[in-house]
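Close look at the chain arrangement
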Amino acid sequence: AQTIHQWPVAEIKAVGSPLSLGCTIKGKSSPNLYWYWQATGGTLQQLFYSITVGQVESVVQLNLSASRPKDDQFILSTEKLLLSHSGFYLCAWSPQGGDTEVFFGKGTRLTVV
Amino acid sequence: GDKVKQSPSALSLQEGTNSALRCNFSIAATTVQWFLQNPRGSLINLFYLVPGTKENGRLKSTFNSKESYSTLHIRDAQLEDSGTYFCAAPTSGGNYKPTFGKGTSLVVHP
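Nothing here was measured: the structure is a model prediction, and the numbers come from that model. All residue numbers refer to positions counted from 1 along the written sequence of the respective chain. Whichever chain is written first becomes A and whichever ligand is written first becomes 1, with later ones labelled in order. Local features are withheld for residues below a pLDDT of 70 in this predicted model, meaning they are given only at 70 or higher, and side-chain atom pairs are given and counted only at 80 or more; totals for whole chains, interfaces and linings count all residues. By convention in this description, side-chain values take in all heavy atoms of the structure and omit both hydrogens and water.

1. Some points on the interface of chain B and chain A
Counting from both sides, the interface comprises 22 residues of chain B and, opposite them, 25 residues of chain A. When chain B packs against chain A, the two sides together hide about 1900 Å² of surface, and 54% of this comes from carbon and sulfur. Here, a salt bridge means any Lys or Arg side-chain nitrogen found within 4 Å of an Asp or Glu carboxyl oxygen. The tally of links between chain B and chain A comes to zero salt bridges. As used in this structure description, the phrase polar contact means that two N or O atoms lie within 3.5 Å; if the pair is within protein, one of them must be able to donate a hydrogen and the other to accept it, and residues adjacent in sequence are counted only when both atoms belong to side chains. Viewed at the interface, chain A and chain B are joined by eight residue pairs in polar contact (both at pLDDT 80 or more). Two residues qualify as a contact provided that any one of their heavy atoms is within 4.5 Å of a heavy atom in the partner residue. A quick way to say it: buried area is the sum, across both parts, of accessible area lost when two parts are put together, with a 1.4 Å probe.

Below you can see the structure in the form of structure tokens.
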């Protein structure tokens with residue numbers, strides 16, 4: 001069975017500090033990977049997607065970047081956090097192909113102070 | 001405008017009653033997913049649909065691609081059904097961008 005693990009579970013960070021969030025998928029080779037962001041009480045907004053190692057497409061510009069250093073790993077980062085980065089970050093995966101079922105990790109709650 | 005519109009935005013149900021949530025698409029959706037986001041924030045997969053109907057326990061979902069809508073029926077609502085229900089569909093086939101509606105916040109009370 002496939003498992004998706006996100007870390008950390010929660011973070012409180014200062015404005016201007018760097019950030020790195022991680023996501024690992026086990027039990028599935030070459031998945032599509034996604035990062036989503038959700039403001040408190042809001043909908044889910046896709047930030048990035050990746051269909052293969054080393055290839056990441058940006059969907060929304062939020063002064064964040066993403067990388068896929070390994071087939072099963074997806075990293076979201078920034079060098080300088082803004083207050084507007086606060087929210088809930090969700091990593092997701094789907095099988096290869098563009099119109100397939102998407103599965104989410106448990107998310108990371110980020111508070112920027 | 002919103003490509004995926006959910007209604008109602010909020011719903012309060014008494015335990016044991018039935019209700020339906022709706023998702024309308026202004027895009028040519030070929031598949032739809034329904035999720036329940038629990039109070040902790042985790043997204044639980046409820047249904048993944050091609051045009052047609054699926055049923056799972058007290059939940060039933062229908063996707064009509066020709067008329068661009070999907071419904072989620074909840075029968076005999078229970079307290080644990082509370083949360084926010086999202087529907088999502090790819091903006092166009094194969095483009096890796098499932099678009100979410102704004103959600104329906106459901107509270108089931110005794």
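2. A closer look at the state of the cysteines
Residues and elements named next belong to chain A. Two cysteine sulfur atoms make up a disulfide if the distance between them is within 2.5 Å. Scanning all chains against the criterion turns up two disulfides over all chains. Disulfide pairing places C23 opposite C91 at an S-S distance of 1.9 Å. The disulfide joining C23 to C91 has a torsion of about -75 degrees about its S-S bond and is therefore left-handed. Of this pair, C23 sits in strand β3 (residues 19-26) while C91 sits in strand β9 (residues 87-94), placing them 68 residues apart in sequence. Comment: elements are numbered from the N terminus, with helices defined as DSSP H or I runs of at least four residues and strands as E runs of at least two.

3. Here's the deal with unusual backbone geometry
Peptide bonds are trans in most cases, and residues, glycine excluded, mostly fall at negative phi. Cis geometry is found at the peptide bond from W7(A) to P8(A), where omega equals -10 degrees. Examined against the element boundaries, P8(A) turns out to sit in the loop between β1 (3-7) and β2 (10-13). A cis amide bond, omega -10 degrees, links S7(B) with the succeeding residue P8(B). Examined against the element boundaries, P8(B) turns out to sit in the loop between β1 (4-7) and β2 (10-14). With a phi angle near 50 degrees, S30(A) is a residue other than glycine that sits in the positive phi range. Think of it in three bands: with a 1.4 Å probe and only protein chains considered, a residue is buried below 20% of the maximum accessible area for its type, exposed above 50%, and partly exposed in between. You can call S30(A) partly exposed: its relative accessible area is 25%.

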